[in-house]
Structures are given as C-alpha cells and as structure tokens.
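Architecture and fold: a report
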Amino acid sequence: MSVITLTSLCGSPGVSTAALALALKWPRQAVVIEADTSRCSSILPGYFEGSTPASKSLINLALSSAQASLFDANNLWAQFLPLEELAEGEEPTKWVLPGLLDPRSAPSLDRLWPAIARAAQQLGDTGMDVFIDLGRYVPRDPRFALLENADQILFFLRPTLGDAFTFAARKKEMIEELTESGRADLPELVTVEHPSSPHSSKEVASSLGYKLAKELPWDPALAAMYSEGRTPVLRGKLEKKPYPRAIEDLVSHLRSNLVDRGQSVTEEEFEEASA
C-alpha cells in the first residue's frame, strides 16, 4: 500500500494534527508514526489527554531493537497504540506509534531511521497505509530515510512571507537530496490558513514552484479534536465543518495521486474499504 510522509521546512504548522486527522479519516487500516524529534510526543498528552501510559513510544522501540537480532515490521507493531475507542470485541483499524518522551534522546534513534523506514514499507506491503509525522525537518536530517522511502511527501507551511522565505532558502538542498533518491517529483504543499496573511495559498505555492495539494482552514476548535483530544460543541454535523471537510478533500487528493502512480492501490480497493 502506501507510506505518506508529512513535514515542514519552516516550523511544523499543523503537521501532527493533520497526520492524525488523515489517518482517522483514511478508508483503510492506517497508522501514524510520530517521528518529530524536536519535541516530546504531542499525541500522548494531546490526543490521548495524558490518559494513556507512556509504555509504548519511539524510545521504547530503540531500547527493544538493541536487544533484537532482527528489526522488521513486528518491532513497530509492538509499540502501536489504538487510536479509536472500541466497543467490546471490536478490532482496531487505526493506530499510532507515539514519539519521544524526551527530545534529548533523539540521537539514540539516528542509526534506526533506515530500519524504521524499511519496516514502514513492510507494513504497507501487508495492506496498511502509514502516515509519518516528521514535524520540522532540515536538509541533511538523519531522518532522511523516512522521506526517500515515501510514496507521497507533503510539505506544510503557512501562506506568509516568513514561511515562504524559509522554505525557499532550504528548497535547493532539499531538491538535491530528493533527486538523489528519485523522489523529487513527489512533494506537494499543504498550507495552513493564516488569518492575517495578505497572500493566498495559490500565490505562495506558485512562487515556490510546487503544486498545492490543499489549504487547511484556520479552525482551532475543530483542529483541537486531534491536537488536544477535545470534544467540540457543535451546531450541525461535524463532517460539514471546514476542517473535517478539508481533510476529506485531502484524503481524496492523496488517494487519486496513489492510484495514478500505481502504488499497488486501486480505485476498487478504496471503494470497498469506504463501503
């Protein structure tokens, strides 16, 4: 199936929130790998509201791998937590591998990123789609294996001059890295609406020379469902609200890309999973 990597060259505006939202909306089995090494896990205290013990995480993955003779998808599986609330007897279809408990431990994972990337591809071969949340990324990052093994890459930014300037400054080196791995044609932009910016997302994407996959709306209350585990007070149906609607559009866009690229994903498979 597919590995979809989400990241940002200029901070991480909404990357983790979107990764969770996409996985939960995805019509098939999906897992989020929280691979942001710039901070502590945002999912454990955020989406899970601190109610889940930190017994499964990237650092626990590193510790267990040190004692294992073989590293494969089973090592990842052992660290998964279900994302959904399930009825008795119901099997989960959405999972997460939580990130770091302390960003100071990030260097201990440097040697593991290539193995994690290969294991993520193995998960894809079993019929599961993988969303990798890289958070902030800089060229020559030790996590590059998670980009060069991706089937789709999404760069997040705000449609502001500051973000566009930072992105442009790092773009050349990033293109060189992706060209070496044959992934230069994969990145697309996702913008997170900035209420005070006078520039449109289309203008910013055009100036940077990338296709705009989707603009996500400025919708703090709905985004907090994923970032902080909040249950919003709504008038009307949730799926009609701007942020969930935009996520559904982005799911459709990614699905279309994967079908067009022949990433072992067929229209019929998606339709069956959505039924």
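Just above sits the structure.
Summary of the structure given here. All values reported here derive from a predicted model rather than from experimental measurement. Sequence order as written defines residue numbering, which begins from 1 separately in each chain. Since the coordinates come from a predicted model, pLDDT governs what is reported: local features require at least 70, and pairs of side-chain atoms require 80 or more to be given and counted, while whole-chain, interface and lining totals use all residues. For the side-chain quantities, the full set of heavy atoms in the structure was used; hydrogens and water were omitted.

Considering the packing of aromatic side chains
The description of two aromatic rings rests on the distance between their centres and on the angle between their planes. Rule in force here: Between 30 and 60 degrees the pair is tilted, below 30 it is stacked and above 60 it is edge-to-face, where a pair is any two Phe, Tyr or Trp rings, Trp via its six-membered ring, whose centres lie within 6.5 Å. Numbered from the N terminus, helices here are DSSP runs of H or I no shorter than four residues, and strands are runs of E no shorter than two. Exposure classes here rest on a 1.4 Å probe applied to the protein chains alone. A residue is buried below 20% of its type maximum, exposed above 50%, and partly exposed in between.
According to the stated counting rule, one finds 8 aromatic pairs in the structure shown. For the ring pair F167 and Y210, a centre distance of 5.7 Å and an interplane angle of 85° mean the geometry is edge-to-face. Of this pair, F167 sits in helix α6 (residues 161-180) while Y210 sits in the loop between α7 (201-208) and β8 (212-216), and the two are 43 residues apart along the sequence. With a relative accessible area of 1%, F167 lands in the buried category. With a centroid separation of 6.1 Å and an interplanar angle of 40°, the aromatic rings of Y226 and Y243 are classed as tilted. Note that Y226 is positioned in helix α8 (residues 220-227) and Y243 in helix α9 (residues 242-261), a separation of 17 residues in sequence. Note on accessibility: Y226 and Y243 belong to one class, buried. Ring pairs connect the aromatic residues W77, F80 and W95, which therefore count as one cluster.

A short note on the nonpolar core
As a reminder, the rule being used: We call a set of buried residues a nonpolar core when its members are Ala, Val, Leu, Ile, Met, Phe, Trp, Tyr or Cys and they connect through side-chain atoms within 4.5 Å of each other. In this description, contact between two residues means that some pair of their heavy atoms is separated by no more than 4.5 Å.
Ranked by internal contacts, the top residues of the largest apolar core, which has 50 residues, are L76, I116 and I132. In terms of residue count, helix α4 (residues 113-125) provides more of this core than any other element does, 7 residues in total. If we ignore the near neighbours within four places in the chain, the residues touching I116 are L58, L61, F71, L76 and L146. Formed by 37 residues, the second largest nonpolar core is a distinct cluster that contains A18, A19, L44 and L216.

Considering the sheet that holds strand β6 (residues 152-157)
Quick reminder of the rule: At least two DSSP bridges between two strands are needed for those strands to be called paired. Note on geometry: axes are C-alpha line fits, over the in-contact stretch for helices, and angles between N-to-C directions span 0 to 180 degrees.
Strand order in this open sheet of 8 strands is β3-β4-β2-β5-β1-β6-β7-β8, and the pairing throughout is mixed. Of all strands in the sheet, those with a lone pairing partner are β3 (81-82) and β8, marking the two edges. Examined bridge by bridge, strand β1 (residues 3-8) and strand β5 (residues 129-136) share 6 bridges and lie parallel to one another. Bridging from a neighbouring strand, T5 pairs with I132 of β5. Helix-sheet contacts for α6 involve β6 and β7 (187-192), and the interaxial angle to β6 is about 160°.

Shape descriptors only; they carry no functional weight alone.
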